[in-house]
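# Survey of secondary and tertiary structure
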Amino acid sequence: MNKILIFCFLMILTSSHAQEPFFPATFVDPFIGTGGHGHTYPGATLPFGMVQLSPDTRLEGWDGCSGYHASDTIIYGFSHTHLSGTGCLDYGDILFMPVTGNVKLDNKDYPSTFRPETEKATPGFYEVFLEKYGILAELTATKRAGFHRYSFPASDSAGILLDLAHRDKVLESSLKIISDTEIEGMRVSKEWAEKQIVYFVAKFSKPFFSYTLNDLTAKDGIPGTDIKALFLFKTLKNSKILVKVGISAVSAEGARKNLEAEIPGWDFDIVKDQAMAAWNHELGKIEVSGGTKEQKTIFYTSLYHAMLAPNLYMDIDGKYRGRDLQVHATKTFENYTVFSLWDTYRAEHPLLTIIDQKRTNDFINTFLAQYDQGGMLPVWELSANETGCMIGYHAVPVIADAYQKGIKGYNTARALEAMIHSASQEKLGLKYYRESGFIPGDKEGESVSKTLEYAYDDWCIAQMARATGDSAVYRKFIERGQYYKNVFDPSTGFMRAKMNQTWLAPFAPAEVNFNYTEANAWQYRFYAPQDISGLISLSGGMEKFAGKLDALFSATSQTTGREQSDISGMIGQYAQGNEPSHHMAYLYNYAGEPWKTQQLVHRICAELYTTKKDGLCGNEDCGQMSAWYVMSAMGFYPVTPASGIYAIGTPLFPEVKIHLENGKTFIIRANGVSNQNFYIQSATLNGKKYTESFLSHADILNGGELVFEMGGNPNTTWGTGVGNTPVSAITDHLITPVPAVSEGDKTFTRSTTIAFNDALPGADIYYTLDGSEPYLQSKKYLKPFNVNETVKVRAFAVKKDYTRSFTVEAIFTKIPENRTIHHSTSWAPQYSAGGENALIDFVRGSENFRTGTWQGFEEVNIDAVVDLGKSTELKKVSVGFLQDQVAWIFFPLTVSYYLSDDGKDFVKAGTVDNSVADNTPGALIKEFELKLSGAKARFVRVVAVNRGTCPDWHPGAGKKAWIFADEITFESF
């Protein structure tokens, strides 16, 4: 195929939707997001392709998740798999590096320096000059194969190095020398994915005259874990050696088939041009006109990023590796991987329901195949491995959203079954969620966020059940969809954690702690997308709800508590850099103030997305960060996926054309739009006056034209009033939220006052104090009351025409009156477990350190003195400790006990040594118990020795180690 034919092919692909040739890929800058914390890569790939051929400049660290960072100045080589914008490391498989001279097979020796100004990247192409070797490296790709072109200087020892031990922990690898122009091999590695499998076949355009191996058995395909090879050539000045590499998760045969089908020849430029044509075709599904070059660059780079994942995970012959890690085959759908669903269900997948319905069907068929093979719909799946990362079961909204929009190319009955199965698990707090209507903070970490996100997912199941005619399932899950009400505290207006049915205190909404997922109370205050009307009602009405939104965006941006890098891109306490905030700017539409949405969306687009390398204010997160921009720049956003409507924001461009798969085009025009004129004055849809501040998915699919008249001042009447604001409401099978203890000490010495509150005004609360089941004939709560003995309180709430709440149980324990504790070292504020008396409050911690019941000490020892109140003849003393080495928490090296009658002069009673290895897996609890045989003392000093830093074998080697304690107990004669 010559250049003229290539050009014609490109013209046909990119002109399929437009009258005039349109080349949107020319606006894409793959370097955007490679700096800061965007975690993107600049290398060569195709839309949703299996290969991501890109330079590796960083081996570890949070900002090395993609293998590349714009601040780096050395390149290790070019590997064939990369993740776009994740918060965990993986991939970097099958690394090649061109070299010259006497190079050691060691990644401390073979990397080269480079200068960023020698880098170039366009969709499907990357090049860089390797200064150490004087080599120009160029990369392009097909769906399943990578293509390298290296221009060498004159050399008798030019080489191409292969490193199969690069980056991740290798469980197994092998290499076979097929001929002097072909090699094949495989690699099984462990990082984020427990077992990632990649086969490859590589062919050289020129025979190598020799090769060296660090493992002499490797050439025979014998498995190893540290295989590196160097293939040697003789080159003249500017000699070009090409390498084409097919990969497969199935077999070397599959990799060879992929390579031969997709790159049969050796013309690098043809493959490069085909890659650009493929990108122009995909990006051309949305055609923007007007605006600045910078705005187009941000828009099309965002659309490009939104098309980098999920990734094809299937060979050309239909074989793929399934969730059971076995080989499967299908001809009915394409199998995919890399499902970052906590992120992408919000805007990435809804965007694809508009422009890529076929691929959406493939995603859902992949989900169902994984359900069949692995027993669960994916949560965060990577290379056929379920990582278990993040919360919720967010394959559910992807399915429900697609089904609601008429995308039904899968077994819908099986889909509903799989959705219900996800919601019926015991793990990750779901047991407590189903039994109590919420997750208690002392039972499960991230309890508030999990409760809220499970409730939304359950609402999605209800929508699917209603659409398929299953009324029983609908009722069950529409009730569960309201469980968000069970963590809403009406006294503060926030979603709060509960321990012992009591609102966790002290409470600071800007504090980042383990009750929320990568967020704080501000950033989950507005998460009930399935029932925004209900949330507005709980907030006291539209005006107060809008006022709370005003407070969110005007608050100080400072957070307290634990450090959370994901919380970024701040406007007040709104965090555009992380997903929980992404719908919030659009909530003003629901409160009848859409002009505030318009102002905020314009500000976010203008300030928090740029053309710089650090032009993303947070992780790209497999397309979600960019999909938010694409949707918002077009003028609308899916606040509630599976509802079928989009909230209108403010269009960025004078014209946007969405070319649909059904052959129709939906056009959004914004007359007079500019950087100053971003307020909507009026609108028409297909020539008729349009006053709604929302848009239906059906209107888009029907094609037509939505026209906005824009101005520089807000129109406070457009999009407001009954019928004009979007509505997200649960109106049937309404529940009564569970009562919460708004006042009462979990442990007390003389007495404590107990008070209740409930999120539903007018609800009646009934309770008992002896642990018996409360009924309508039980004591009705009228006002706070005192208790002076240990009690087990059980209570429920009820309101006419509402489903009665769950019964909740709280225990209030009377403890010895004069017992106190004094600490000489300080616990970490985010692990206070309640403060000064946490170690003597008669409450034990569980195996989950995130529940807030453990007191944590970073690097320092525990040195505390307990005053028993009087001299006591002691039989034994003990302290409980937690070890969870994955979280950098270790048992103390020793625990020593000292006794005293006056609190000044202490005598050592004994030391208990740790007997558990620091590398023991899992969460462990151990009592460090010392028998005392009747020793008398009033004061007991406890010294637990922290190891100080993590051991050498640990990923955090040399960094501060933790000890977590709870509780100090005594047994007397």
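Everything here concerns the structure above.
Below, the structure is looked at part by part. (Residues numbered from 1 in each chain as written. Predicted model: local features only at pLDDT ≥ 70, side-chain atom pairs only at ≥ 80, totals over all residues. Heavy atoms only, no water.)

## A closer look at the state of the cysteines
According to the stated counting rule, one finds zero disulfides in the structure shown. In this model C88 remains outside any disulfide bridge; the closest cysteine sulfur is found in C389, 4.7 Å from its own. Looking at the unpaired C605, the closest cysteine sulfur is the one in C617, lying at 11 Å. (Disulfide = S-S within 2.5 Å.)

## Some details on the packing of aromatic side chains
Taken as a whole and judged by the stated rule, the model has 59 aromatic pairs. Judged by centre distance (6.0 Å) and plane angle (90°), the rings of F208 and Y211 are edge-to-face. Residue classification places F208 among the buried positions, given a relative accessible area of 7%. Overall, the relative accessible area of 27% leaves Y211 in the partly exposed class. (Phe/Tyr/Trp six-rings, centres within 6.5 Å; stacked < 30°, edge-to-face > 60°. Buried < 20%, exposed > 50% of the residue type's maximum accessible area, 1.4 Å probe, protein only.)

## What to know about the environment of T301
The residue T301 is located in helix α4 (residues 293-306) in this model. Residue classification places T301 among the buried residues on the basis of a relative accessible area of 1%. When the C-alpha positions of T301 and P24 are compared, they lie 9.4 Å apart, and in sequence the two are 277 residues distant. Residues in contact with T301, not counting those within four places in the same chain, are F27, V28, D29 and I32. Side-chain polar atoms of T301 contact the backbone oxygen of T297, separated by 2.6 Å. (Helix = DSSP H or I, 4+ residues; strand = E, 2+ residues; numbered from the N terminus. Contact = heavy atoms within 4.5 Å. Polar contact = N/O pair within 3.5 Å; in protein donor to acceptor, adjacent residues only side chain to side chain.)

## As for the packing of α4 against helix α18 (residues 624-634)
Closest axis-to-axis distance for the α4/α18 pair is 8 Å, and the angle between their directions is 130°. One finds that α4 runs oblique with respect to α18. The interaxial crossing formed by α4 with α18 has left-handed handedness. Of the residues in α18, those touching α4 at Q295, I298, F299, S302, L303, H305 and A306 are S626, Y629, V630, A633 and M634. (Axes fitted to C-alpha atoms, helices over the stretch in contact; angles between N-to-C directions. Parallel < 35°, antiparallel > 145°, perpendicular 65-115°, else oblique. Left-handed = near helix turned anticlockwise from the far one by under 90°.)

## Considering the pattern of salt bridges
Under the defined criterion, the tally for this structure stands at 47 salt bridges. Here R144 makes a salt bridge to E262, at a shortest N to O gap of 2.7 Å. One end of the pair, R144, is in the loop between β9 (135-141) and β10 (145-152); the other, E262, is in helix α2 (residues 252-262), and 118 residues separate them in sequence. Like E262, R144 is buried. Between R187 and D168 there is a salt bridge whose closest N-O contact spans 3.9 Å. Taken together, the positions of R187 in strand β13 (residues 182-190) and D168 in the loop between β11 (155-163) and β12 (169-179) put the pair 19 residues apart, joining distant regions of the chain. Neither R187 nor D168 differs from the other in exposure class; each is buried. Here the residues in one salt-bridge network are E282, K285, D356 and R359, joined through shared partners. (Salt bridge = Lys/Arg side-chain N within 4 Å of Asp/Glu carboxyl O.)

## Some details on the pairing of β10
By the criterion of burial, β10 is predominantly enclosed, with eight of the eight residues buried. On β10, burial covers both faces: A145, F147, R149 and S151 on one face and G146, H148, Y150 and F152 on the other are all buried. The pairing of β9 with β10 spans six bridges and is classified as antiparallel. Across the sheet, residue L139 finds its bridge partner in β10, namely H148. Connecting the antiparallel pair β9 and β10 is a turn made up of three residues. Of the pairings in the sheet, the one linking β10 to strand β17 (residues 239-248) comprises eight bridges and is antiparallel in character. Paired with Y150 across the strands is I241, a residue of β17. (Pairing = 2+ DSSP bridges.)

## Quick notes on the nonpolar core
Ranked by internal contacts, the top residues of the largest apolar core, which has 218 residues, are F78, F96 and F299. Per-element accounting of this core gives the leading share, eleven residues, to helix α11 (residues 447-467). In terms of nonpolar packing, the next biggest core, distinct from the first, is built from 27 residues, I840, I862, L868 and V877 among them. (Core = buried A, V, L, I, M, F, W, Y, C linked by side-chain atoms within 4.5 Å.)

## A look at the packing of helix α9 (residues 412-423) against α11
Remark: α9 packs on α11, axes separated minimally by 10 Å, with the N-to-C direction vectors making an angle of 155°. With respect to α11, the element α9 is oriented roughly antiparallel. Crossing of α9 over α11 shows left-handed handedness. Here T412, A415, L416, M419, I420 and A423 of α9 come into contact with α11, specifically with D458, C460, I461, M464 and A465.

## Details of the environment of A795
You can see A795 is positioned in strand β48 (residues 791-798). In the structure, A795 is positioned 55 residues away from A740 in sequence and 8.9 Å away in space, judged by C-alpha atoms. Aside from chain neighbours lying at most four places away, what touches A795 is P739, F756, I765, Y766, Y767, P774, F806, T807 and V808.

## Notes on helix α15 (residues 542-554)
In a regular helix each residue adds 1.5 Å, so 13 residues correspond to 18 Å; α15 covers 18 Å between its end C-alpha atoms and thus fits that length. Those residues of α15 not exposed but buried are F545, A546, K548, L549, L552 and F553. The buried residues of α15 occupy an angular sector of 155° when projected down its axis, which confines them to one face. Residues of α15 that are exposed and point over 90 degrees away from its buried face: E543, K544 and S554. (Expected span 1.5 Å × (residues − 1). Arc of directions from axis to C-beta.)

## Notes on the pairing of strand β2 (residues 52-56)
Within β2, five of the five residues are buried, which leaves it mostly tucked inside the rest of the structure. Looking at chain direction, strand β1 (residues 44-45) and β2 are connected through two bridges and run antiparallel. Note on β2: the bridge partner recorded for A44 is L53. Where β1 folds back on β2, the antiparallel hairpin that results is connected by six residues, among which F48 adopts a positive phi of roughly 60°.

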